[in-house]
Amino acid sequence: MRIGASDMVLNTQLKKFHNHGLMNKIKILDLFSGIGGFSLGLHSASERFETTAFVECDKFCQKVLKKNFPGIPIYEDVKEFKPNEENIKPQIITAGTPCQPFSQAGLQKGKDDDRNLWSETLRIIKECRPTWFIGENVPGIVKLYLDTIFKDLESENYSVRCFNIPAVSVGLKHQRKRIFFVAYSESEWSGKSKELDKEKRFEESNTTQSDSSSTDVPNSNEGHAQARRKRQRGIR
C-alpha cells in the first residue's frame, strides 16, 4: 500500500494527538465492542489510552468485557445510548459495526438491512464530536456502502482514510480481509495552529489521483469523488 501525502499528514496528526496525551489520558468510546479488540489494541499501544465505556448487546461478550476490563461501564442498546447524558466525552470512537448487511456469507442487503447500524454510529459521532473515529468491517462494505460512510463523515468535516488489512499481513495463516476506516477532525486539543494549516495546504497541493492499477482502497480527498468510486469497484 502506497504512502501518499494524505498518509503523511494523518501520521503527523496521530503523533501530535499522542504527544498531547503525555500528561492526559486519551478517552475511548468503544461501540459494538465484541470482546474488546479495539480497546485491547489501543491499551496495548500506550497506557495513555483509556476506555470510558463499551456498547455491546451480546451477553457472552459482555461477560468477557467485564472480566478483562473490570469497572468500565457497558451499555447494551446502541439505539438508546446517549453519551452526552452519560457525560461520556471521548477523543476516539471505535466501532466494529455489524457486518451481516455486507458479508458475502449473507444476502448483502446493505442499506436495506435492518442490522445496518451505521446511522446510529453517525448519530453518536455527531453527538460526541471526537477527534478520531476508527471503524472496521468486511470487504463487502466497499461496494455496498463505503461511499455513504465517506460522504457522511466528510459532511461532518472529517477527513477519512481507508485501509485493507488482511490477517495474513500481521502474521496469521489466513487471509480474513478487513476494511478499516480512520477519520480525523480538528478539535479543542489541537487548535488551529499555523503549522496545522501549513500541513493542510501541503496535503491539498500534493494530492494526486492514483493510477488505475492501484489496489489501494479509497482516500477522502476533496475533488476526487469519482476516482474514489472507480477505485472502490476494483476491490474484491
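Residues numbered from 1 in each chain as written. Predicted model: local features only at pLDDT ≥ 70, side-chain atom pairs only at ≥ 80, totals over all residues. Heavy atoms only, no water.

**Structural notes on the sheet that holds strand β6 (residues 159-164)**
Picture the strands of a sheet paired through backbone hydrogen bonds; they go either parallel or antiparallel. For the record, the criterion: Pairs of strands are assigned from DSSP output, requiring at least two bridges between the strands. The way it works is that DSSP assigns letters per residue, a run of H or I at least four long becomes a helix, a run of E at least two long becomes a strand, and they are numbered from the N terminus. It only takes one pair of heavy atoms within 4.5 Å for two residues to be counted as in contact. Between the N-to-C directions of two axes lies an angle of 0 to 180 degrees, each axis being a line fitted to C-alpha atoms and, for a helix, fitted only over the stretch in contact.
In space, the seven strands of this open sheet follow the order β3-β2-β1-β4-β5-β7-β6, with mixed pairing throughout. Of all the strands in the sheet, just β3 (74-75) and β6 have a single pairing partner and so form its edges. Inspection of the sheet shows strand β4 (residues 92-95) paired to strand β5 (residues 132-137) by four bridges, in the parallel sense. From the neighbouring strand, Ile92 faces β5, where its bridge partner is Trp132. Against the sheet, helix α6 (residues 146-155) engages β5, β6 and β7 (179-184), with an angle of about 150° to β6.

**A word on the packing of helix α4 (residues 118-128) against α6**
Any two packed helices are characterised by the angle at which their axes cross and by the distance between the axes. The cut-off we apply is this: Working rule for angles: under 35 degrees goes down as roughly parallel, over 145 as roughly antiparallel, 65 to 115 as roughly perpendicular, anything else as oblique. Should the near helix be turned anticlockwise from the far one by less than a right angle, the crossing is termed left-handed; should it be turned clockwise, right-handed.
Where α4 contacts α6, the two axes come as close as 11 Å, and the packing angle between them is 15°. Compared by their axis directions, α4 and α6 come out roughly parallel. In this structure, α4 crosses over α6, and the sense of that crossing is right-handed. Between α4, through Trp118, Leu122 and Ile125, and α6, the contact on the second element is made entirely by Ile149, Asp152 and Leu153.

**Describing the nonpolar core**
Short version of the rule: Nine residue types can take part in a nonpolar core, namely buried Ala, Val, Leu, Ile, Met, Phe, Trp, Tyr and Cys, and a core is a set of them joined through side-chain atoms within 4.5 Å. For every residue, the accessible area obtained with a 1.4 Å probe (protein chains only) is divided by the maximum for its type, and the residue is called buried under 20%, exposed over 50%, and partly exposed between those limits.
Ranked by size, the top nonpolar core spans 32 residues in total, and within it Leu29, Leu31 and Leu153 carry the most contacts. Listed by contribution, the elements that provide at least two residues to this core are β1 (26-31), β2 (49-55), β4, α4, α5 (141-144), α6, β6 and β7. Ranked by residues supplied to this core, first place goes to α4 with five residues. Residues contacting Leu31, with those up to four places away along its chain left out, are Val55, Phe81, Ile93, Thr94, Ala95, Gly96, Thr121 and Ile124. With ten residues, the next largest nonpolar core counts Ile28, Phe49, Ile92 and Tyr184 among its residues.

**A short note on the pattern of salt bridges**
Oppositely charged side chains may form a pair once their charged atoms are brought near each other. Operational definition: We define a salt bridge as a contact between a side-chain nitrogen of Lys or Arg and a carboxyl oxygen of Asp or Glu at a distance within 4 Å.
Tallied over the full model, the rule gives eight salt bridges. Across the pair Glu76 and Lys59 runs a salt bridge, and its minimum N-O distance is 2.9 Å. Of this pair, Glu76 sits in the loop between β3 and β4 while Lys59 sits in helix α3 (residues 59-68), and the two are 17 residues apart along the sequence. Note that Glu127 and Arg123 form a salt bridge whose closest N and O atoms lie 3.8 Å from each other. Here the residue Glu127 and the residue Arg123 both occupy positions in helix α4, the gap between them amounting to four residues, near one helical turn. The class of Glu127 is partly exposed, set by a relative accessible area of 23%. Salt bridges sharing common partners tie together Glu120, Arg123 and Glu127.

**Considerations on the environment of Gln62**
You can see Gln62 is positioned in helix α3. When the C-alpha positions of Gln62 and Gly34 are compared, they lie 7.9 Å apart, and in sequence the two are 28 residues distant. Residues in contact with Gln62, not counting those within four places in the same chain, are Glu56, Cys57, Ile74 and Glu76.

**Thoughts on the pairing of β4**
Filter applied, for reference: Place the viewer so that the strands point away; then a crossover is right-handed whenever the path from the first strand over the helix to the second strand goes clockwise.
Going residue by residue along β4, you find Ile92 and Thr94 tucked away on one face and Ile93 and Ala95 tucked away on the opposite face as well. In terms of strand pairing, β1 meets β4 through four bridges, oriented parallel. Each bridged residue has a counterpart across the sheet, and for Asp30 the counterpart in β4 is Thr94. For the handedness criterion, the β-α-β arrangement of β4, α4 and β5 is classed as right-handed.

**A short note on empty space enclosed by the protein**
Applied cut-off: Grid points spaced at 1 Å over the protein atoms alone were grouped into cavities, where a 1.4 Å probe fits but cannot get out, and pockets, open sets with protein on both sides within 12 Å along at least five of seven lines, with lining residues defined by an atom within 4 Å of a point. Grid points are joined across faces, edges and corners, and a volume is the space filled by probe spheres set on the points. The residue classification treats Ala, Val, Leu, Ile, Met, Phe, Trp, Tyr, Cys and Pro as nonpolar and Asp, Glu, Lys and Arg as charged. All others, Gly included, are polar.
This model, assessed by the stated rule, comprises one cavity of 30 Å³ or more. What the largest cavity holds in volume is close to 60 Å³. Together, Ala95, Thr97, Phe102, Asn116, Trp118, Phe133, Gly135, Glu136, Ile141, Tyr145, Ile149 and Phe181 line the largest cavity. In terms of residue count, the dominant contributor to the lining of the largest cavity is β5 (three residues). Here the lining of the largest cavity is built from residues that sort into eight nonpolar, three polar and one charged.

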